[in-house]
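Report on the structure
Take a look at the letters that make up each chain.
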Amino acid sequence: MKEQELYLLDGNSLMYRAFYALPTTLTKSDGTVTNAVFGFTRMLFSLLEEREPDLLGVAFDLAAPTFRHQEYEDYKGNRKETPDELKPQFGIVKEVLEVLEVPIFEKEGYEADDLIGTLAQRAEEEGYQVTIVTGDRDNLQLITDNITVMYNKRGISDIIDYDLEKFREEYELEPLQLIDKKGLMGDNSDNIPGVDGIGKKTSTKLLKEFGSLENVLANIDRVGGKKRKATLREQADRAKLSKKLAEIKVDVPLEVDFSELVLSDYKNQQVYDLFMELEFSSLISQIGGHQKLEVTDYQLIESQEGLEELELTEQVAITLDLSGPKLEQELAGVAVVTSEQGYYCNLTIDKLVDWLEDIFTNKKVLMVGAKEQIRYLLQQGIEVKELSFEPLVADYLLKPSEKEKGFAELVVSHLQREIEDGAEEELLVLQTSLLFDLEEELLPKLEDNELLSLFTEIELPLVSMLAQLELTGIKVSSSELERLSTKLAEKIADLEERAYQLAGEEFNLNSPKQLGVILFEKLGLPVIKRTKTGYSTSASVLEKLKGQHDIIPLISEYRTYTKLKSTYVDPLSDYINQQTGRIHTTFNQLVTATGRLSSAEPNLQNIPIRTEEGREIRQVFVAEEGKKLLAADYSQVELRVLAHISQDEGLKEAYQQGLDIHTKTASEIFELALDEVGQEERRKAKAVNFGIAYGISDWGLAKRLNITNQEAKEYIELYFVRYPKVKEYIDNTIAQAKEEGYVTTLFDRKRYLPQINSNNYHQRSFAERMAINTPIQGTAADIMKLAMIEVNKALKEKSFDAKVLLQVHDELVVEVTESEIEAVNRLVTDKMVSVVELAVDLEVDSKVGDNWKDMSELTIDN
DNA sequence: CAGCAATGCAA
DNA sequence: TATTGCATTGCTG
């Protein structure tokens, strides 16, 4: 029989290795750092897989002082204290080992090394083949014919295997002489002194000649060098002590029966549960993954009669089996699940209309991926009432910072189950049935987090609203687009040619790399800023170089026009739906960490407006014949929200008195009367106002305003003197975030900030700025969402010929028939300003026009 | 072809 | 070393 292999792991040194190899950003969602535990466990697993040990044990140090400390009080005296983020991980890793049923060795007064040394030697005597796994070279002294060392050099996969041969080759000594060597040269990491002036080379040389430390000391006369002789004589005791400290004990009193160190089957439920708790999803798949879900039985319904005979419970989960591109989807069937039974119905949509309408009117409906399905239903002219549950939205509210998850991932993370592959219909019914389980799981979680009313009153109703927005789309004039494209192409071609001439060669103007070479090497312009990979050629850099060379303004202009053409004008045509002549963007409700919406394919929330050239693009977004576009935007919602949540008197007063807030701030920080504030002061004050909401730094403000840090600092300080409660708000919010681990909006939306207590300055500061900004931006987002729902409801109730087309964070774009403009404006404005009562009034500015560019202000007269 | 870096557009 | 996004081009693996 082959010798049994025993693996002994040095828990402490491997945990240290893992800790420094992996980022401390590896945490559970509550912020608990688990990087070392994860790294250690991964090492352990790869060891199990690659080496298939027969027996295994892990040794740990205990906090108590060891005999070495008693011998020498400075033992390990220069060692830094265990990092705070590592300390608690030892407890966790022991839990892991416990559920894996891996024996742990620890004994007061001894280090892991001593336990390993003792165990290794005894196991060898009993005929086992031993491998020590460690990140500490000291263990190499234990090597024999039957004891080898897997030395973890650094990281978690850089491993060197030492056997006797390899050791002799590298050290030119016998393993046990390593102790003598330490006696001579010491060990800085353990604060073992050794003998002054003797290092790696000399110690090896001496030991090769004399064999042991004792022999060296007995033959000092024969050691070369006058000075060295003297030091050795003087420090003989120190050397002996050093040797003693370096020697690993092999006689620790321990009771052990090696045959019991056999590995159990670690792929069990307990391990699974612990890994779930630790959020070690990649390791879960290594232990066999999640419990698989059986595919449910279901009844196939192929006739309208069968459909109408169905006895549905009060709650119904539905999934429409849709495929195909947006707005051209085909329905393959529909899965319906009640609390008792699952069905799959393959009737065509025209035969389903009445039945679906009935359900959406009279039942509580659970859906996943509801927006797309509702959009389809609306397209088929089916009226859809409110949803009662949607798991993706629920999950988003619980963890808004995480990347968007799919349904399967939700099942894994909330139900701890995996969906097995199967036939399409079966899967769909199974998935639909899981909506009940997810609801049961997630509603209490929402409740616990006080997110239920946000969920039911804002997010769920919004799903249908967004479906409607997307379905409606906005009309785009393709002839206008073409005109713009041609115009831009001409300008670009001209600029390109002139730029090449000034550069003296042709190159790719779009490549920052090539442009950098031309500007900073060929033309010798001064380098203003560098990026990770080379010279920066950003707009701010070009701005500073203006006047130094004629090519600079050409490049700036070129950038402007190519940006407009390639990002906005040209791609927009591809998004025009040929049937509707409109662009139907996708609004994503599950993306932002603060609660805002986002828009994509195309993004209609970043259409240019600030410069005249860019603004022209808005001309292509037009109202239908006989209608107008109405744009209603909140005036400075975020600053008003700040006034409300900070309750700062100065800020509140400014709004109550109807002052221009930036002028007011300018008058405060520049100590001017309101009518003395000039354009420049107002501009600066505006930047300060914005900066405050973003968690400003003097450095950042200075950069933005092109002023000195000192000046920026003064502005900020003065701002806080004038608006003291804003300062209080900032301090309190950060303090609260550090305490609770999260911040909230006025409507209880939550955002976790696990980095807020990080030791890393950069990460911590970033989290602090998020803590400041999220309640402001997020509350504004809440307000707008609520307004959208209210506006939509009211437009429908009053049967106006008007539809909301777009939301751009603080603006709603409505398409309205000409005769109803005034009434609709009144309604929209009224709903927008009255969704919530703040310490300051909300204000809305409205404009109307034939397109999104040429708009004139609208006023409401009473 | 995927993914990253640099750049720049919006609120 | 100012918040939240999305999309482009260039370029690398």
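As the structure is a prediction and not an experimental result, all values here were calculated from the model.

What follows concerns the pattern of salt bridges. Side chains bearing opposite charge may pair, as long as their charged atoms lie close to each other. The full count for this structure, using the stated rule, is 48 salt bridges. A salt bridge links Lys 208 to Glu 172, with the nearest nitrogen and oxygen atoms 2.6 Å apart. Linking Lys 208 in helix α8 (residues 200-210) with Glu 172 in the loop between α6 (164-171) and α7 (177-185), this pair joins segments that are 36 residues apart in sequence. Look at Glu 172 and you get partly exposed, because its relative accessible area is 47%. Glu 402 is the salt-bridge partner of Lys 405, the closest N and O atoms lying 3.1 Å from each other. Connected through salt bridges with shared partners, the residues Arg 582, Glu 624, Lys 627, Asp 801 and Glu 815 form a single ionic network.

Glancing now at the protein's contact with DNA strand B. If you check the shell around DNA strand B, you find 20 residues, and the closest are Thr 537, Ala 539, Asn 606, Ile 609 and Asp 810. What you see for DNA strand B is that sugar and phosphate hold 80% of its atoms within 4 Å of the protein. Within the side chain of Thr 531, an N or O atom sits 3.2 Å from a phosphate oxygen of DNA strand B. A distance of 2.8 Å separates a phosphate oxygen of DNA strand B from a polar backbone atom of Thr 537. In terms of residue count, helix α24 (residues 551-575) provides more of the surface near DNA strand B than any other element does, three residues in total. Taken together, the residues of the surface near DNA strand B sort by class into six nonpolar, eight polar and six charged.

The next subject is helix α5 (residues 112-125). Because each turn of an α-helix spans 3.6 residues, side chains separated by three or four positions in sequence point in the same direction. Helix length check: α5, at 14 residues, gives a terminal C-alpha distance of 20 Å against a target of 20 Å (1.5 Å per residue), a fit within 8%. Within the span of α5, buried status applies to Ala 112, Asp 113, Asp 114, Leu 115, Ile 116, Gly 117, Thr 118, Leu 119, Ala 120 and Ala 123. Residue Gly 127 follows α5 closely and has a positive phi angle near 95°.

This part is about the sheet that holds strand β6 (residues 158-162). Read across the sheet, six strands follow the order β3-β2-β1-β4-β5-β6 without closing on themselves; strand pairing throughout is mixed. The sheet is open, and its two edges are formed by β3 (104-105) and β6, each paired on a single side. Looking at chain direction, strand β1 (residues 5-10) and strand β2 (residues 55-59) are connected through five bridges and run parallel. Bridge pairing in β2 places Tyr 7 opposite Leu 56. Each of β1, β2, β4 (129-134), β5 (147-154) and β6 touches helix α2 (residues 35-51); the most contacted strand, β1, lies at about 165° to it.

Rules behind the numbers
- Residues numbered from 1 in each chain as written.
- Chains lettered and ligands numbered in written order.
- Predicted model: local features only at pLDDT ≥ 70, side-chain atom pairs only at ≥ 80, totals over all residues.
- Heavy atoms only, no water.
- Salt bridge = Lys/Arg side-chain N within 4 Å of Asp/Glu carboxyl O.
- Helix = DSSP H or I, 4+ residues; strand = E, 2+ residues; numbered from the N terminus.
- Buried < 20%, exposed > 50% of the residue type's maximum accessible area, 1.4 Å probe, protein only.
- Near = heavy atom within 4 Å.
- Polar contact = N/O pair within 3.5 Å; in protein donor to acceptor, adjacent residues only side chain to side chain.
- Nonpolar A, V, L, I, M, F, W, Y, C, P; charged D, E, K, R; others polar.
- Expected span 1.5 Å × (residues − 1).
- Pairing = 2+ DSSP bridges.
- Contact = heavy atoms within 4.5 Å.
- Axes fitted to C-alpha atoms, helices over the stretch in contact; angles between N-to-C directions.

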